[in-house]
Amino acid sequence: MQHFFVEASQIQGNRICITGTDVNHIRNVLRMHPGEEISVSNGVDGREYRCEIDTISEDEVLCRLMFIKEDGVELPVRITLFQGLPKADKMELIIQKAVELGAAEIVPVATARCVVKLDEKKARSKTERWQMISEAAAKQSKRAVVPQVVPPMTMKEALQYASQMAVAAIPYELAEGMQATDRFLEEVQKLALQKCADGDAPQVGIFIGPEGGFTEEEIELAKDCNVCPVSLGKRILRTETAGLAILSVLMFHLEERG
Ligand code: SAH
């Protein structure tokens, strides 16, 4: 089933109006016709609006709402990936994969050992591009929300933000043993059950360092903010692998089991 994102205002009662570049895609690329079914999300409420195409014109596709699926495809916790700015265009791959794996938000972080330095103008244009990559990945993986890529933060700002979350961890290659990792996973699973009880998805943070890793001071600062160092095993993973590895583990632990 083809999936599209619209603004909340484009869903009015049982009428859904699709505009913009999706119209050309529906008309000329997918060659869809009235009567065919599509699924639509407004990108924020997590619902899937299943509808039937009514009419297709030059600049809009009008649809009729058939039903709403409340419990869609989203994980029971909102995972924020704090990613140390990597070199070249690695961030694009990281965002695409993190969105596929269920992350709810991505925060690029300028850490002490980041090679890449972004001035304000560059940061703005990069963030815009990254947001587009998130939206494309969300469409492709049929997410009900478009994960937000926020403008880059400093490590201090990021830690401050994370300290307000239900739980946060910082994978650190010098962390010893898997006890802290297991505790973190248990904690996240408990939070998922909490979501089932009260309906609101608790927030979970994960910090991944850039190619050069985190400095000892950054790890100490993280501990002060209740962000716990954890190991991802005895092998050193590249920055683009580390986040995806822990997101995959969380996804399997958190996936609804019927
Ligand atoms: N500079 C380091 C590796 C950095 S890897 C070195 O070469 O030794 C980039 C990031 O991936 C790290 O900051 C950490 O967050 C994460 N990472 C990679 N391997 C890890 C592991 N085995 N355990 C925990 N975190 C790891």
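Here, every reference points to the structure presented above.
Residues numbered from 1 in each chain as written. Predicted model: local features only at pLDDT ≥ 70, side-chain atom pairs only at ≥ 80, totals over all residues. Heavy atoms only, no water.

1. Quick word on the packing of helix H4 (residues 155-162) against helix H6 (residues 216-224)
Running from N to C, H4 and H6 point in directions that differ by 25°, and their axes come no closer than 10 Å. Classified by the interaxial angle, the pair formed by H4 and H6 is roughly parallel. Of the two possible hands of crossing, H4 and H6 adopt the one that is right-handed. Residues Met155, Lys156 and Leu159 of H4 form the contact with H6, whose own contacting residues are Glu218, Leu221 and Ala222. Of the residues belonging to the contact of H4 with H6, the class tally is 4 nonpolar, no polar and 2 charged. (Axes fitted to C-alpha atoms, helices over the stretch in contact; angles between N-to-C directions. Helix = DSSP H or I, 4+ residues; strand = E, 2+ residues; numbered from the N terminus. Parallel < 35°, antiparallel > 145°, perpendicular 65-115°, else oblique. Left-handed = near helix turned anticlockwise from the far one by under 90°. Contact = heavy atoms within 4.5 Å. Nonpolar A, V, L, I, M, F, W, Y, C, P; charged D, E, K, R; others polar.)

2. Looking at the environment of serine 125
Mapped onto the fold, serine 125 is located in helix H3 (residues 120-140). On the accessibility criterion, serine 125 (43% relative accessible area) is partly exposed. Measuring from C-alpha to C-alpha, the distance between serine 125 and histidine 3 comes to 27 Å, with 122 residues separating the pair along the chain. (Buried < 20%, exposed > 50% of the residue type's maximum accessible area, 1.4 Å probe, protein only.)

3. A short note on helix H2 (residues 90-100)
Of the residues making up H2, those classed as buried are Met91, Glu92, Ile94, Ile95, Ala98 and Val99. Across the axial projection of H2, the buried residues extend over an arc of 165°, all falling on one side. Residues of H2 that are buried in the fold lie against strand E7 (78-84), strand E8 (105-110), H3, strand E9 (148-149) and helix H7 (239-254). Where H2 ends, the next residue or the one after it, glycine 102, has phi of about 105°, a positive value. (Arc of directions from axis to C-beta.)

4. Digging into the pattern of salt bridges
Taken as a whole and judged by the stated rule, the model has 14 salt bridges. For arginine 50, the salt bridge goes to glutamate 48, with nearest N and O atoms at 2.8 Å. Each member of the pair, arginine 50 together with glutamate 48, is buried. (Salt bridge = Lys/Arg side-chain N within 4 Å of Asp/Glu carboxyl O.)

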